[in-house]
Structure formats: structure tokens, C-alpha cells
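One letter stands for each residue in the lines below.
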Protein chains: 4
Amino acid sequence: MKSNNKLKIFNDPIYGFITIPNSLIFELIQHKYFQRLRRISQMGLSYLVYPGAHHTRFHHALGSMHLMQKAINILRFKGVTISKEEEDGLLVAILLHDIGHGPFSHAMEHSIVNGISHEEISLKFMEILNAEFNGSLTLAISIFKGEYSRKFMCQLISSQIDMDRADYLKRDSFYTGVAEGNINSERLITMLNVIDDQLVVEEKGIYSVEKFLVARRFMYWQVYLHKTGVVAEQLLMRILKRAKELVELGNTLNCSKALLFFLKSDVNRQGFNAETLAIFAQLDDYDIVAAMKDWQNHEDFVLQNLCQMILNRDLLKIKIKNKPIKTSELVTHSNALMGKYNISKAEAGYFVFYDEITNVAYHNKKAPINILLKSGKIKTIVKASDQLNLKTLGKPITKYYMCYPKKQM
Amino acid sequence: MKSNNKLKIFNDPIYGFITIPNSLIFELIQHKYFQRLRRISQMGLSYLVYPGAHHTRFHHALGSMHLMQKAINILRFKGVTISKEEEDGLLVAILLHDIGHGPFSHAMEHSIVNGISHEEISLKFMEILNAEFNGSLTLAISIFKGEYSRKFMCQLISSQIDMDRADYLKRDSFYTGVAEGNINSERLITMLNVIDDQLVVEEKGIYSVEKFLVARRFMYWQVYLHKTGVVAEQLLMRILKRAKELVELGNTLNCSKALLFFLKSDVNRQGFNAETLAIFAQLDDYDIVAAMKDWQNHEDFVLQNLCQMILNRDLLKIKIKNKPIKTSELVTHSNALMGKYNISKAEAGYFVFYDEITNVAYHNKKAPINILLKSGKIKTIVKASDQLNLKTLGKPITKYYMCYPKKQM
Amino acid sequence: MKSNNKLKIFNDPIYGFITIPNSLIFELIQHKYFQRLRRISQMGLSYLVYPGAHHTRFHHALGSMHLMQKAINILRFKGVTISKEEEDGLLVAILLHDIGHGPFSHAMEHSIVNGISHEEISLKFMEILNAEFNGSLTLAISIFKGEYSRKFMCQLISSQIDMDRADYLKRDSFYTGVAEGNINSERLITMLNVIDDQLVVEEKGIYSVEKFLVARRFMYWQVYLHKTGVVAEQLLMRILKRAKELVELGNTLNCSKALLFFLKSDVNRQGFNAETLAIFAQLDDYDIVAAMKDWQNHEDFVLQNLCQMILNRDLLKIKIKNKPIKTSELVTHSNALMGKYNISKAEAGYFVFYDEITNVAYHNKKAPINILLKSGKIKTIVKASDQLNLKTLGKPITKYYMCYPKKQM
Amino acid sequence: MKSNNKLKIFNDPIYGFITIPNSLIFELIQHKYFQRLRRISQMGLSYLVYPGAHHTRFHHALGSMHLMQKAINILRFKGVTISKEEEDGLLVAILLHDIGHGPFSHAMEHSIVNGISHEEISLKFMEILNAEFNGSLTLAISIFKGEYSRKFMCQLISSQIDMDRADYLKRDSFYTGVAEGNINSERLITMLNVIDDQLVVEEKGIYSVEKFLVARRFMYWQVYLHKTGVVAEQLLMRILKRAKELVELGNTLNCSKALLFFLKSDVNRQGFNAETLAIFAQLDDYDIVAAMKDWQNHEDFVLQNLCQMILNRDLLKIKIKNKPIKTSELVTHSNALMGKYNISKAEAGYFVFYDEITNVAYHNKKAPINILLKSGKIKTIVKASDQLNLKTLGKPITKYYMCYPKKQM
């Protein structure tokens, strides 16, 4: 179905229609590595809090590409030269920027694999696809790695005001129904320009940038770090940790071959070769959920209970505080649990634990958002903003939480 | 967490907030049988056509309940007496009306089980829950079965203008991004009334009813019966059929225990006992997709290929016609496939087949939509509508299709 | 402010941003004849029924131009050649298509002027602007008049599926809050093509066309011909009629000079010269409302009461029927009024009257909407549509109404 | 039409439907004083910048009342007792809170009348209506004046988080198409509670409050104080000032009787008696625009030009700075104008002037927004907010601007 003169479109509740601009993009979308993203939830387990949040990495990637098309048009209108090759490079790079995500997006990054980020895995996917597509992705890869001579292109892919964020904030806000996180991506993009190979926002867009940063902060604390979502993600990571332990101890665990591979081996950056990638490419949300469904009946007390908690959304309790948690409270819960079920301290630790969550709304130092003043000068958003005291957004905020079982456990 | 004075709410991108009216409803939602609906896609495999369509039965059930609350308020405002018990009955009945759906909603009804509809299974779930909840669902069950003395209540649950449709048309339209299917549920509900124990729509709502019927028809042909969606659903049913065959022949198939149970046994209405229900309650979309992911590497040519087709969205071709398909064309495709891969005619039949799809937009005979004229008289919508010739909507429309492999298979 | 490299945009709640494509368009928008459209309500007095409906001809004209840009892009993508000059012609023609509207849009066409349509006046405006702009509008005028060699261009401006309708249905639905009238303009435009110099819709757009026709019909009966709106419009026309009578009889009426000109003279097509146009260009909604505000205290019983009715939204009663009104009922009302206020039968006729309203949802004969089948054949939508029996939409529907005073008058 | 059992509804593009809760409210809406709000633009001349912003005070008043109904329901759900009489009082008070606005809302407050705010005029209207409605508004007036014993009720009408703001921010954002200003009124209202007779927001609503304040600030600088809107408003005030001068000097100016009354007399708080109110009630946007349309041909150079500028949207230039304007630049412009047209310095001052605009996003001192922490303690939002440094929002921001003619004037 190589549609040349045919208009290939995707319906999108947010943008209306997303148009596929050329056959290279079309074929990349058709590829099984990209189709796999249909089975990876964009927001992990957040649907346990926001029941509408079942959208996928697949849709987000299409959306980001759609916004990139808009950005390219605007920049060209303003006189920025972007060649056909560079356009393709930008579109491919943004389309594939998240292809390295594992099941449930971020949750897996510290359990299935270790010491290798999803961006690094994305790059590995791109290189394999580049070989399959006879080098058509070379420029895209160069842009993605930040090696291409025109730096602003990489900023469109990955910066504090890139097309990735422009789509995901809007999309996550839309599907969760949390209207406060909605941003006006179109206005932001309309205000973009390029000066001295730097992506800048024109002065009249200053309030839109502020709004964007505040919305992003809102989404972090209200949605991405929602306390119930935090519990769920912690439980998921502990399930995988426990599963690894059990496998190491020689227990039999039913699950997909691909998942078993990662349970058995400690894959890190060095060990992540082509073969590993091929197995990784078989993993998605369905491997994890299917495993949990089996393991909820496993004889191991810990594994069984953790799985049931997620599947039946009968989670641990969580308390969030602005100050570090006192361990005395934890000990009480832990002891009670050990006594009640005759389990070890280590086992109780799967249900009674504490940790912290940190977020920085805006990184002022590394790669700030630049504003092009009417005078022609360029200032960072923090300096250009008259009132909001955005500097405070650069301060990392840390919250402390503890989890422990409900009474009836 | 029996929240008495606490307002328990769900975010909904469509209605804003959905409020949980009381603790019975709250506890039903908490039940694992209801939580299971989070893992059942409302629109089956339609997300292969409309990438936004990942919403679940869980969300639809909440949405329908929300509309029921609105309907109850409107009817009471107009003087229709509805007691607190009846209100609870209506809310519970609509909340649980779809709880009997299996994986991928409709696709399973003719493969996993036989001769038993999801409504019947819903009823079985309700009865079990009724026992657990000490009879609190008795009135809801009576309304659901159409046995309660006040017939209009059943019509709010199940009729051509019920709260189920009022939600799913709006919701499916929203998540697919197919704006044409959007209906104004709120206006429709505002126009409802009850005359002689019959649900009626006031005359000024006549155009809204017409619009509702046309939108529904639109959704059927544009979305629910979209040709790509039809292929995907057919492939899914054939996968399960093939899996059953292979299991009967003694082959080993990796899959969840619950799925294996249904592959091994021929469950029909008579055999669907409490034990069956308990196993059925363990099934959801994840069992099926996880199985397909394993089976795509199965040695059986048919099973392997069917699974790959869905997982990689590399489907069969489909031709849709208004006239029955000529078998000669099929034979050509079938013979080519048999020759190419050295497979039997029966095996080729998994990839080359034809069938028909039928839809009736409006059933004029059984339980028509009634319009309350200003004069006080009641007419069916077909008679009350001056122009659209809605009678034609009552004519079943049949389309004929054939599926066959792409050249490269 | 001839913005060459500057992006000139308008905010639009519907489309997000409307971009001004070039400086000719920009200057036309700046012209006082076009700015005048800011003071002409798109939906006349409909805001008395739908309080949100205060949008203007100005905004609609911009919106139509925006959709025309989309249509041009789509058609070019499909291989239809459209030169830069033709593009400009299309954009100018759609931008100015409604510039000839008088105050309150349609209401004035049969009272202020006679026997000359707003399209004819639009053309006169274009010709004057063409002189001012040194002939830059020549091609636009040729397209608008249907004289240009490529007929499909005129169909984009004026046909049963033109950019005018594509915007106004969507816009009127949006601002009234009548969601049922919402159409998916973007999908419709995406399905457009040109075959043999005829605008066609591709087969897969067939349900969208049906939906569009049904939505249009809905808007007519629910909104444009809403009974309260009909009363208001009738009262407005009678105010102007009465004012003309009083002026002819030598009474003094305070109002703007431009309005007085049209009250004093009987302008018809022949008499509509350049001078008339210049005065017409000074008229807008504000002349009429300001006059009514003065006249509500005029000593003439009829004029005074009619004006108060609109200003205070204390309108006549209206009954709508499917059969012609019986005059006996009217006579009773009329006699009562004559007796109560000692007025003549002619005067009573301003408050007691009957008439009919007619609408045809789709004109099947003249310039049907054509569908391009996958086979390459072209059929009219009525023949291509399998089920809806659209033929019935071609039947004119007539309703009969009578107006009469409330008891307390 | 005292509809008792009839559901009286208004369509609203934002909330869907607005329901009229009882016949007192219904009759107040029918009153000509309230109907007059249909002719007063909510956002003054902002439609010259945002072409969709033609919504009226009428619609805003209905919207605020709708939100008040929601707030009452939520508070009752949480156990706050609100009697039927108090409910009516709250609804009437919010419905009429803006009834004292003059033409173009705020622009008139310093030109038509002096030293009397629209709130004071609203109160006068309420008192007159109270007499007409036999004292039914007594409690509403008491709440509105802040005299009622339960203080939180006044806070729902007028505070930094009242139903007025909850509607107008949402509504103005909607009609302008400036999505960044959109707030989630429903979520905010859901988080309301009453502690010790103070309106508070529950802790989990803290980010929503922050978002609300930032959105409000955004709307101020992007929309309400948009530089083009500022010019237009300044021109409008100068038109009325010039008109007053000319009338004082004995010139004849055509305009409505009501407007002439205010041009001739210097009405201040003391002089604003019942008779003045009756004349004031005749004024709306149409008096002003109709006058401008006449005056654009007046022989006075200043008046004529100012009027043309607004009507043709051919405004003065404006420069906005963060520092006070240097007068030298002004003198140059002023001298040039005096020379070119042979006008006096005072006359030139109508076209060359400077001023400042100030906004405080949040008043921390007087009546702060209070947050109810989970611990039961109450903190102001500034103290409860962890990061945004909302204190800075309390700092008044001042900008300085100068206006001067375009070259071609």
C-alpha cells in the first residue's frame, strides 16, 4: 500500500487529522517495531487513577510528528531555510524518539534493564532501522544525537520546549480529563523562531511559555506523581524485583519468553547488543499484565499479593509529606505484618517502605528557554518574565512518602 | 474507605467529573469483577483503525451511570416519582449492564463461548454479586430483566434510546475522533419524559432523536463496521477457532489457564455454571494478546500467520460490495495460496473467505422510540418525523465482503 | 503594516488560528467595507433564543477563507493544479462572498432593499474594491460570477457543499451550543477531489455528506427557523415596514441618515448605483437597534409596541402547524386587539398575522453533490447513498404559523 | 409563562445547558433591566483583537448563576447547611451582580459617570427590583452587601475565587480562543468547603488554585490589557470626553436622549438618584456605536478622527515599555501633528498621550484564598503553595505606554 498520490491520514481526537507526509514515514509506521508502540501505554499505570488514560506511545509519536510538521511550516514562513532532507530527518527523528520505551514506559527503566535509558535504546532501534531502510535515517540519527551541524533541529526534538513535550502535555491532559494541564501547542509553535542556530520564542509568546511551564508543573504533581499512581508504579517495580529474586532462587515462573529472558539476565548498557534488542522488541505491556495475572496465584506470598493489588486496584496506603518520613512508624507497620503472616523482614519490606519523589519544573541552567525580545536581544525566560519569579521553578521539589498495607490485608 | 461525607469522583474527559453517588456503587466499582473491565477494550480491535480508541468497558460503565443520574434528575423534575430504592436499582443496573463482556467485547461471543450472550453473563455476575452484597442488587436485577412493574425503568437500561447508547455513541465518537458520531446526550436526556409507564421523548426533541439515529448509523458504517476493523475481528475469531482445533488435536499451546479452559471445553448456555463464571471472570484482553504473542512463533502455519497479522497490523486485504461475492474469485486466491505454501484447502480457508455484515439502524417494530406530541398524543418517531423518511432506517442493510492475502504473503 | 515576513494571525475558538496568507488579503480585511462586517450579526436576532449567538459576518468570512486554504492544499496534494493566481482568486472570492449583507443579515433583504439579493450587492462591493485595488480582484470576481473557465472553483464558493456552508454550519453550531449541528468540515474537505472540472466527494466520504445534509436540516428547523427566532425576525421586518409607512405619511422618525435614506426611497436592483452602495455601506445592526431604542417611545402605537417587544424580548405568541392556519382564529385575536386599543384592522395586522416557512434540505435537481465511486464512476449522493433515502430531503417542507399578542398586551 | 413543572433551559456552548431553577429567577431574567445586558459586550472592545469575543453580560450572568448552583450542591453534599431561602439569595445575588454595568462594561466607568462603581449601580438596580418584586430580593441584597451573617455566602459572590471569576475567565478564554486562560471551574468548585464561615479550598485543590491564578494573570496581560485593546479603550474614553467638551461649548451632537443626558450632566455618586438610574438603564453599547457612526462625520477634527479610528479599526500606534515613557518623544509627535493639521496642543493631546497600566494578579493581604490542609489547619494559598512563589503574584506590575498616530494620519 505504498500510497503516493493517496492521502494517508490518521484520526486524532486532539488535532482532527494527522497526515502522513511521505512513504518513508508511512513504511516506518508500518514496521513491527513501531506497531509495537500500540501496546505500550503512554502513561503507565496512571489509568488506575485517570480511567481515560489508555492512550499509547504509538499515538503520541504520531502527534509529535504532526506538531513537527507545523513547526517546520512556521519556521519556513519566517525565512528559516529547511531543506527537504532536513525536513525528513526532523520528522523521522521525532517519530522514533520514544521507540525505545519498554512496557509501561518509565516503570521498566529501572527493573527490566539497568543503566540504559530509553533514549539510548531508541537510538539502537534507529540504527537497526537505518540498515533496513538503506541509510534513509542517517540524517535523522545525526539530529537525534545532537551531532548535526544545525543545533536548533535537535532542540525541536529534545529540549525544554520540544515537540515531544508539546504533544504529551496536551495529550495526557486530554485523555486524563485534567483540563488544567492543557497547553496551547499551536500558539507556542507559532511563536517559534531560530536566531543564531538557537530555537527561540518571540517576546509576545512569553506568557504562553510561562503557562506551559506552570501547566507542566501542574501535570507532574497532579497526574504523573499522583500518590495513587506512585504506589502502583512502586508495586509494579517490586513485582519485577521479586520475580527476579524468585527466578534466581530457581523457582518456576510462568511468563513470556521475552520477559523471562530479562528476568534471568542482568542487562546493562554494555550487554545490550543486537540480540538483546530483538528480544526487547518483543516486550510490551501485555507481557507484564499477563504475567501478573498468572503470578497472582503463585505460591509466593509476596509476589501473589503484589500482583493482586494491582490487578484488583486494591493498593497499599500512602502518606505523602514535605519532610522525611520517620522510620519508627514504618517499623510498627513492618512488625505487625511480619507477625500476622509470619514473613521475614525483607518480605515485609515489599509492603512497607518509604522513598521520595523529586521534580524540577524548569531547568534554568542547562539549555534554558530563550526569548527573542522585540529589541532583537535574547534573554532566558527567567529573566524575560516580569513577575512570575520563574527562578523558583528551577528549585527541585522533593516530597517524601511511605507505603504500608491497609488494615484488612 | 466507605466515604460517606466524602465526595468520590472520577475524571472523565467527556463529562468532566463523574460522581459516585453512594457507598454501594462505590463498593461495586471496587470489586475485582468490575475492576476487570479496565482490561477490556470497549471497541475491540478498532484501535487498529482509530488509534485513540483504547477506552475500556470500565469507563463506559461509569459514563452510563453518570447519564442515568442526569436522567433521574430530569424525570423527577418533571414530576415522575422515583424512590430512593428505584434510583439505586437503576444506577446499579446500568453500572453492571456490560459486566458480562468477554475479551475484546463482541469478538469473543461466538468463539470463546457459544450460544450465550454477554447480557446473560452480565445477569449471572449480578446474581453472584447480589449474594455477596446481601440482596442489595435485587431490585436492580429485576429492572435489568424487565420484570419490574415499572417498565420505563428497563427502557432506560435497554431500549433504542437507553443510557447505554447515549454514552457509548458519545464516547466512541470522542475517542476515535470521528466527530460525526457525536450526539448531544444531554439534550436527549433533557427531553425525556414518562407517559403511561413508557419512556417518551418530547416533541421538541424530535430532531435530536433523528440526529441520534443518523449518528448511530454513521458510527456503524464508518467505525464499528469499518472494513479494516472487520478484517481484524475476523482474524481474531479465526485465531481462536484454529487454537481450539489444535488443542483438540493434542497440540500444546501456551496461554493462560483461563483461556486454555475455554479452548478445551465447549461452553454453552447450559454449561455456564458458577465455576465457569469464576474462570470466565479471569479472562480479559491481556490473555488473548499474550497468547497471540506466543503463538506468532508457533509451528502451525495458520496460527502463526494469523497472529502475526494482527500483532504487526499487516492484515488481509478486504473487498466490500453491495452484492454477494462471486466464489470464482475466491477459488483463485485459495488455489494460489495452497500451491505456494503447500497447505490444505481448509487451511487456506483461514486466509481466503467471504461473509456478510448487516446492520439495522432503527428497529421500527419492536419497541419503537415514542414521541410525545404537544397535543398529548404519542406517535412513533417514524410517524412523527416529517421528512427524513426514517422508515428506510428500519431496512436491514447488508454488505458482502471477501478477504484474501496480500501479494507478499 | 504590510507584513511580508510577518505572520498575521487571528484567534478563532473553532480552528485555533486563522493565518492571513498574503498582503492583498490583509489589506482587504483592513478595508472599512470589510471591517463593517464586525457590526453585522451572522445569525440576525437568533441570540434572543441562543444567547451565545453573537458572532459576526466578519468572523465567518475569515473562517470560510481558512477552510478554502485547507481545500486548496488537499486538492493540490491530489494532483489538481491550482496556480498562485487562482489560489488568490479563490481566497478573495470566499472572503468577500457575504460582504453585501445588510444589517441582521437576511432580515433586511425584503425590507430595506427590494428585489436585489445580498449576493448581487456583494458583487457590487467587489467591483468597487477591484477598482481601488487596481484590478487585483478580477479573477476572484470571475470565479464568484461562475464565469471562470474552471467551474469547480465556483463550486468551492457556492454550491451545496461549499466552504461557506462548511464554515457557517460549524460556526453557528458552535456559538449556539447546538452540538447536533456540528459537522466535521475537515473530513469533508479531506474527501474532496476534482473530476472533469467538477467538485466531487470520494466514496468513503459518503456518510460524511449524509451527515452534513442531516446536520444542515437539523440546524434549519432547530435553530434558523426556531419559532421564537421567526417571531423576532417578523417583528423586525414589520418595524421597518411601519417606519416606512410613517415616513411616507410625513412623520418624523429619529434614526441614522443612512437608515433614513432607505426608509424614504424604494431602492431596487435598477436603482442600486454606486451612490446607493456608499450609503448602504454605512448601515449595520447598530443603526437598526439604535432606531428601535428611540422608536420604542414614539407616539405611534404600532411602532412603539413592536420595538419594545424586541428590545425587552417580550415577543408575540406563535403557533406552528403542519396545516394551513384557519383564519377564524386570527379574526378573533384581531378583533379583540382592535377593540381593546381602538386601532384599525390594518394596525392590528402588525400583531396578528400568519405565514408559512419552507425549507428544502437538499436540492437534488440543480447542481447535486457528486460522489466519486471507487470504480471511477460518478453518482449523485442520492443515488450513491444506500439507505437514508435522501430523496426525501429534496421535498420542500412547509410549516404554517400564526402570531398573536400575549394576554397582557 | 410561569413555568412551574416546565424545565426552562438556555443553551450554553460552555456548560451545555443552563437550567433556570425557579420562577423568581425566571422573571428577573425576563425583566427589561436584565434583558438590557444582552446589549452590553462582556469584554468591551476586545473583539477588535479577538474577533470571537462578542459575548455579553447577559450570558456571563447566566453562567455565573449556573456555577453557583453547582457550588451549592457541592457544599450541601459536604454537610454545609444552606436553606432554600439562602439558595435563592445566592442565585439572585450572583445573577444580578453585574447588572449595573454601563455600555462596553468598564470603559464607561470613568467617562459617562464619575465616582460611582458598577457594583454600586448594581445595588441600586437590585433595590428597585426588590420593590417591584415585593421584597423577594432582600436576602440577596444582604448577601451582596456583605451584611448577611454567614460571610462565606458573600465570598461566593465576590472574592478572589468567586463564581463571577470562575465563569468569566472560562467564558472569555472560550470566546477569544485563548486556550491558555481556560480554567477548570468544575474542579475548583468541587474542592470548595466552608470552615468557620470561611470559604476554603481543600488541600488537593492547591494546584488548581495556582493554575487559576496564573491563568488569570495570563488573561490580564494577553487579553484584557492587550495593547491594541488598550488603545481602543483609550480612544473610546476620549471620544466621550471630547463629546462632553463639545456639548458644553454649545455644539450640537446627534445621539440618543439617554446618552445626551450623561454628556450634559456630571453625574456622580450623590447625584445618582432613581431618575438617573432610569435613564442609565436605557444606555447600552448601541447608543455609543450609533453615536460614533454619526460623529465620524462631525465637523470637529478630533471627534471625527477618533470615531473613524474605532469604526474602521485604524487605531493609533502604541508602544509598551517597562519603564516610564520619555516625554521628549511625545513632544515630537505632538508638534508634528499640530503643524500638519493646524490644531492646538490640547487637540493633539487626543492622539498623542501616555499612561500606565497596572495589574495585581493576587491580593495577598485583603481576603486571601484559604487552603484547608488535610491536618485540618488553614493556610493562605501563598503559604500553602510549596514552590510557585505566589507572593510575587501580589506585587503590582506596571507597564507604561504611549500612543501616537500612524504616519498616514
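In the block above lies the structure referred to throughout.
Definitions and limits used
Residues numbered from 1 in each chain as written. Chains lettered and ligands numbered in written order. Predicted model: local features only at pLDDT ≥ 70, side-chain atom pairs only at ≥ 80, totals over all residues. Contact = placed C-beta atoms within 7 Å. Helix = DSSP H or I, 4+ residues; strand = E, 2+ residues; numbered from the N terminus. Nonpolar A, V, L, I, M, F, W, Y, C, P; charged D, E, K, R; others polar. Least-squares fit on C-alpha atoms with pLDDT ≥ 70 in both. Pairing = 2+ DSSP bridges. Axes fitted to C-alpha atoms, helices over the stretch in contact; angles between N-to-C directions.

### Here we look at the interface of chain B and chain A
Inference 1: Taken residue by residue, the interface counts 32 residues in chain B and 32 residues in chain A.
Inference 2: Listing elements by their share of the side of chain B that touches chain A, those giving two or more residues are β1 (8-12), α2 (32-35), α3 (57-77), α8 (163-176) and α14 (285-295) of chain B.
Inference 3: If one sorts the elements of the side of chain B that touches chain A by residue count, α14 of chain B sits on top with six residues.
Inference 4: When its residues are assigned to classes, the side of chain B that touches chain A shows 13 nonpolar, 12 polar and seven charged.

### Considering the relation of the copies chain B and chain A
Inference 1: Of the two same-sequence chains, chain B is brought onto chain A (RMSD 0.0 Å, axial shift 0.0 Å) by a rotation of 180°. The operation mapping one copy onto its partner corresponds to a two-fold rotation axis.
Inference 2: Taken as a fraction of all interface residues of chain B, those also at the interface in chain A reach 100%, which identifies the copy contact as same-surface.

### Description of the sheet that holds strand β4 (residues 198-202) of chain C
Backbone hydrogen bonds are what pair the strands of a sheet, in a parallel or an antiparallel way.
Residues and elements named next belong to chain C.
Inference 1: Strand order in the open sheet formed by four strands is β3-β4-β7-β8, with mixed pairing between adjacent strands. Edge strands, defined here as strands with exactly one partner in the open sheet, are β3 (192-195) and β8 (378-380). Each neighbouring strand pair of the sheet contributes to a mean axis angle of 45°, computed without reference to strand direction.
Inference 2: With four bridges connecting them, β3 and β4 associate as antiparallel partners. Paired with Val194 across the bridge in β4 is Leu199.

### Overview of the pairing of strand β1 (residues 9-12) of chain A
Inference 1: Where β1 of chain A and strand β2 (residues 16-19) of chain A come together, four bridges link them in antiparallel fashion. The partner of Asp12 of chain A across the bridge, within β2 of chain A, is Gly16 of chain A.

### Side note on the sheet that holds strand β4 (residues 198-202) of chain B
Residue and element names in this part refer to chain B.
Inference 1: Strand order in the open sheet formed by four strands is β3-β4-β7-β8, with mixed pairing between adjacent strands. Strands at the two margins of the open sheet, each flanked by one partner only, are β3 (192-195) and β8 (378-380). Ignoring which end each strand starts from, the neighbouring axes of this sheet average 45° apart.
Inference 2: Here strand β7 (residues 370-372) runs beside β8; their pairing, made up of three bridges, is antiparallel. Residue Asn370 lies in a different strand from β8, and its bridge partner there is Thr380.

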